[in-house]
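# Observations on the three-dimensional arrangement
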Amino acid sequence: MSRADLAAVDTAAVRPNRLWSLGLLRSELVTTFRRWRTLALLGVLAAVPILVGVAVRIETRGGGQVGRGGGDGPAFIAQVTNNGLFLVFTALAATLPFFLPMAVGVVAGDAIAGEADAGTLRYLLVAPAGRTRLLLGKYATTMAFCLVATLVVAASALAVGALLFPLGDLTTISGTRISFADGLGRALLIALLVAASLAGVAALGLFVSTLTNSGIAAMATTVGLVITVQILDQIPQLHALQPYFFSHYWLSFADLMRDPVYWDDLVKNLELQALYTAVFGSAAWARFTTRDITA
């Protein structure tokens, strides 16, 4: 066989593999976002900004003040009455410690263990996907959920903020004024950063999901680990370890509302998420590729 014939065979072999990879990812995305559990999680996340916005509106209806001022994390709530765009930052700060990682933990924990629990995992592996490709597809789907969940919170908060409060130019934490368009761009960038901040939780959940055949056990374990790490992150005696906890720099997104932007903690957060993704992603791959699939 000539070199041209061999090249043609190799090209024909690679093309179906690429098409299968795209088909696998599309199938995983459709399956995940069609589940009632996923829709319910997104519904809960969308409801949080509504509850916060309505609560602030009721509390300030008589001219009262809400919050204690300041600009870090949940203290954005003090600015909501002046500009509805701040409800986006407030909602993301309110959902990031628990609601968003809990939702991601449920999706990631169920990724492999849920298939084994339902008895469909071995059938997926019969198809020409390969364990590595299937694992990458599951992680990509989980990260897609992270992005969608974060954007749902941001979009819901923006809609509620526009309905209940004025919009316009806004004041940054540094005291400078920026246009509404600039603020909207920063809100989108913050939403993307929050989604990226959940990459470590997604990798951790995927690893846990490879350790058991019970979807419920994997989901509960992942959510439990997320809660435990955040509790440990609040204990002063563990200050030497806290910079290595995946949740330590989550609220650093507030630095994007400074002028100029403070990048130090933002970069540390992304580096930490990349480290967790590499470590637990590798552990998930090592476990899943050597595991005996019986379900």
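Parameters at a glance
- Residues numbered from 1 in each chain as written.
- Predicted model: local features only at pLDDT ≥ 70, side-chain atom pairs only at ≥ 80, totals over all residues.
- Heavy atoms only, no water.
- Helix = DSSP H or I, 4+ residues; strand = E, 2+ residues; numbered from the N terminus.
- Phe/Tyr/Trp six-rings, centres within 6.5 Å; stacked < 30°, edge-to-face > 60°.
- Lys NZ or Arg CZ within 6 Å of the ring centre and 35° of its normal.
- Salt bridge = Lys/Arg side-chain N within 4 Å of Asp/Glu carboxyl O.
- Buried < 20%, exposed > 50% of the residue type's maximum accessible area, 1.4 Å probe, protein only.
- Contact = heavy atoms within 4.5 Å.
- Core = buried A, V, L, I, M, F, W, Y, C linked by side-chain atoms within 4.5 Å.
- pLDDT = per-residue confidence, 0-100.
- Polar contact = N/O pair within 3.5 Å; in protein donor to acceptor, adjacent residues only side chain to side chain.
- Expected span 1.5 Å × (residues − 1).
- 1 Å grid on protein atoms, 1.4 Å probe; cavity = no way out; pocket = protein on both sides within 12 Å on 5 of 7 lines; lining within 4 Å.
- Points joined across faces, edges and corners; volume = space filled by probe spheres on them.
- Nonpolar A, V, L, I, M, F, W, Y, C, P; charged D, E, K, R; others polar.
- Patch = residues over 30% accessible without salt bridge, like charges linked within 9 Å, V, L, I, M, F, W, Y side chains within 5 Å.
- Areas by Shrake-Rupley, 256 points an atom, 1.4 Å probe, with all protein chains shown as cover.

Of the regular secondary structure elements, the chain holds ten helices and two strands. Each helix and strand of the chain, ordered N terminal to C terminal, gives the series α-α-α-α-α-α-β-β-α-α-α-α.

Under the criterion given, the structure shown has seven aromatic pairs. Consider the rings of Tyr-276 and Phe-280, whose centres lie 5.9 Å apart with planes at 15°: the pair is stacked. On the criterion of helical spacing, the pair formed by Tyr-276 and Phe-280 is a turn pair, its members being four residues apart in helix α10 (residues 264-290). Among the aromatic residues, those joined into a ring-pair cluster are Phe-207, Phe-246, Trp-250, Tyr-276 and Phe-280. Over the face of the ring belonging to Phe-288 we find Arg-131, whose NZ or CZ atom lies 5.9 Å from the ring centre.

This paragraph deals with the pattern of salt bridges. Throughout the structure, instances matching the rule amount to five salt bridges. The partner of Arg-35 in a salt bridge is Asp-110, with the nearest N and O atoms 3.4 Å apart. Here Asp-110 lies in helix α4 (residues 99-118) and Arg-35 lies in the loop between α1 (3-34) and α2 (36-59), a separation of 75 residues in the sequence. Judged by relative accessible area, which is 9%, Asp-110 ranks as buried. The salt bridge involving Arg-186 is made with Asp-182; its shortest N-O contact spans 3.5 Å. In this pair, Arg-186 and Asp-182 both sit in helix α7 (residues 180-197), four residues apart, roughly one turn of the helix. Assessed through its relative accessible area of 32%, Asp-182 is described here as partly exposed. Counted as one network, the salt bridges with shared partners bring together Arg-35, Arg-37 and Asp-110.

Further remarks concern unusual backbone geometry. In this model, Asp-259 is joined to Pro-260 through a cis peptide bond whose omega is 5°. Looking at where Pro-260 falls in the secondary structure, it is placed in the loop between α9 (215-232) and α10.

Here we take up the environment of Trp-250. Mapped onto the secondary structure, Trp-250 falls in the loop between α9 and α10. Since its relative accessible area comes to 4%, Trp-250 is described here as buried. In sequence terms Trp-250 and Leu-96 are 154 residues apart; their C-alpha atoms lie 7.5 Å from each other. Residue contacts for Trp-250: discarding those within four places in its chain leaves Leu-96, Pro-97, Pro-101, Ser-197, Leu-198, Val-201, Gln-230, Asn-269 and Gln-273.

We now examine the nonpolar core. Residues Phe-89 and Phe-253 are the most contacted members of the largest nonpolar core, which totals 73 residues. For this core, the elements supplying multiple residues, two or more each, are α2, α3 (86-95), α4, α6 (131-164), α7, α8 (199-209), α9 and α10. For this core, the leading source of residues is α6, giving ten residues. Beyond its immediate stretch of four places on either side in the chain, Phe-89 contacts Phe-76, Leu-170, Gly-183, Ala-187, Ile-190, Phe-253 and Met-257.

Across the chain, the average pLDDT comes to 84, with 84% of residues at or above 70. For the chain, per-element mean pLDDT is lowest for α1, which scores 62, and highest for α8, which scores 95. Segment residues 1-16 is flagged for pLDDT under 50; beyond a separation of four residues in sequence, or across chains, it makes one contact in the model. This stretch, residues 68-74, has a pLDDT under 50; its non-local contacts, to residues over four places away or in other chains, come to 14 contacts.

Okay, the side chain of Asp-110 next. Here Arg-35 takes part through its side chain, which lies 3.4 Å from a polar atom of the side chain of Asp-110. With near-sequence residues (within four places) excluded, Asp-110 lies in contact with Arg-35, Arg-37, Glu-115, Ser-209, Gly-215 and Met-219.

Take α10 next. Compared with the 39 Å implied by 1.5 Å per residue over 27 residues, the 39 Å span of α10 between its first and last C-alpha is a close match. Within the sequence span of α10, burial applies to Leu-266, Asn-269, Leu-272, Gln-273, Tyr-276, Ala-284 and Phe-288.

Before going further, it helps to spend a moment on empty space enclosed by the protein. Within the structure shown, the criterion is met by one cavity of 30 Å³ or more. There is about 130 Å³ of room inside the largest cavity. Along the walls of the largest cavity sit 13 residues, with Thr-32, Arg-35, Val-107, Asp-110 and Ala-111 positioned nearest its centre. Counting only elements with at least two residues in the lining of the largest cavity, the list comes to α1, α2, α4 and α6. Looking at the lining of the largest cavity residue by residue, the classes come out as three nonpolar, five polar and five charged.

Another aspect to go through is a nonpolar patch on the surface. A cluster of nonpolar residues, Leu-147, Leu-151, Leu-188, Leu-189, Leu-192, Trp-263 and Val-267, forms a patch on the protein surface that exposes about 600 Å² of accessible area. Looking at the nonpolar patch, the elements with two or more residues in it are α6 and α7. Among the elements that make up the nonpolar patch, the one with the highest residue count is α7 (three residues). Assignment of secondary structure puts Leu-192 in helix α7. For Leu-192, a relative accessible area of 40% gives the class partly exposed.

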